[in-house]
Amino acid sequence: MIFPNKFISFDSSVLSKLHIISEIDVKKISLIKLYHELHNKFDSIDEFLYFIDVLYLLNYLKVDFEKEEVMICY
């Protein structure tokens, strides 16, 4: 789940995993490579996609659809 509430603890939410993006050393990476590097940190691909969505909404990621790359903006 994305956000904690009275049924979902903070540790079970995607918000608790946002710090994982700091483990990536590159500025540009394909989404598939990003998933392969981080897939062991998530319970499912849905959780990874929520993670990407939240980072995009917070302007930590930009997506270049022509080059099929994700740009990490700290």
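The structure under discussion appears in the preceding block.
Participant: Got a minute to help me understand the environment of Ile2 in this structure?
Facilitator: Counting through the fold element by element, Ile2 comes out in the segment before strand S1 (28-29). Note: C-alpha distance between Ile2 and Leu38 (36 residues apart in sequence) is 17 Å. Leaving out residues up to four positions away in the same chain, Ile2 has contacts with Ser13, Val14, Leu15, Tyr50 and Val54.

Participant: What is the right way to look at the pattern of salt bridges in this model?
Facilitator: As a working rule, side chains carrying opposite charge can pair if their charged atoms are close by. By the definition in use, this model includes two salt bridges. Between Lys17 and Glu47 there is a salt bridge, with its nearest N and O atoms 3.1 Å apart. In this pair, Lys17 sits in the segment before S1 while Glu47 sits in helix H2 (residues 45-57), placing the two residues 30 residues apart along the sequence. Side by side, Lys17 and Glu47 carry an identical accessibility label, which is buried. Across the salt bridge formed by Lys41 and Glu23, the nearest N and O atoms sit 3.4 Å from each other.

Participant: So what exactly am I meant to see when it comes to the packing of aromatic side chains here?
Facilitator: Remark: the centre distance and the inter-plane angle together describe each pair of aromatic rings, the angle taken between the planes. Evaluated as defined, the whole model comprises four aromatic pairs. For the pair Phe42 and Phe48, a centre-to-centre distance of 5.6 Å together with 75° between the ring planes defines the contact as edge-to-face. Judged on exposure class, the residue Phe42 and its partner Phe48 are both buried. Ring centres 4.9 Å apart and planes at 55° place the aromatic pair Phe42 and Phe51 in the tilted group. Residue classification places Phe51 among the buried positions, given a relative accessible area of 0%. Taken together through their ring pairs, the aromatic side chains of Tyr35, Phe42, Phe48 and Phe51 make up a single cluster.

Participant: Just checking my understanding: could you explain the nonpolar core for this structure?
Facilitator: Most often, soluble globular proteins keep nonpolar side chains buried together rather than apart. Grouped together as the largest cluster of nonpolar side chains are 17 residues, with contacts concentrated most on Ile21, Leu34, Leu38, Phe48, Phe51 and Leu61. For this core, the elements supplying multiple residues, two or more each, are helix H1 (31-38), H2 and strand S3 (69-72). For this core, the element with the most residues is H2, which contributes five residues. If sequence neighbours within four positions are ignored, Leu38 has contacts with Ile20, Ile24, Phe48 and Phe51.

Participant: Would you take a moment to explain H2 for this structure?
Facilitator: Count 3.6 residues to each turn of an α-helix, and residues three or four apart come out pointing the same way. In a regular helix each residue adds 1.5 Å, so 13 residues correspond to 18 Å; H2 covers 18 Å between its end C-alpha atoms and thus fits that length. Among the residues of H2, Glu47, Phe48, Phe51, Ile52, Val54 and Leu55 are the ones counted as buried. Viewed along the axis of H2, the buried residues span an arc of 165°, placing them on a single side of the element. As for H2, its buried residues are in contact with H1 and strand S2 (61-64). Immediately downstream of H2, the backbone of Asn59 shows phi near 65°, a positive value.

What counts, and at which threshold
- Per chain, residue numbering runs from 1 following the sequence as it is written.
- Local features are withheld for residues below a pLDDT of 70 in this predicted model, meaning they are given only at 70 or higher, and side-chain atom pairs are given and counted only at 80 or more; totals for whole chains, interfaces and linings count all residues.
- Hydrogens and water molecules were not included; the side-chain quantities draw on all heavy atoms of the structure.
- A run of DSSP states H or I qualifies as a helix once it reaches four residues; a run of E qualifies as a strand once it reaches two. Both are numbered from the N-terminal end.
- For this analysis, residues touch if any pair of their heavy atoms sits within 4.5 Å.
- Throughout this description, the term salt bridge denotes a Lys or Arg side-chain nitrogen within 4 Å of a carboxyl oxygen of Asp or Glu.
- The buried label goes to any residue with under 20% of its type's maximum accessible area, the exposed label to any with over 50%, and the partly exposed label to all in between, with areas taken from a 1.4 Å probe on protein chains only.
- Between rings of Phe, Tyr and Trp, where Trp is taken as its six-membered ring, a pair exists when centres lie within 6.5 Å; planes separated by under 30 degrees are stacked, by over 60 edge-to-face, and by other angles tilted.
- The term nonpolar core refers to a set of buried residues drawn from Ala, Val, Leu, Ile, Met, Phe, Trp, Tyr and Cys, joined through side-chain atoms within 4.5 Å.
- Helix span, expected: 1.5 Å multiplied by one less than the number of residues in the helix.
- Directions from the helix axis toward the C-beta atoms define the arc.

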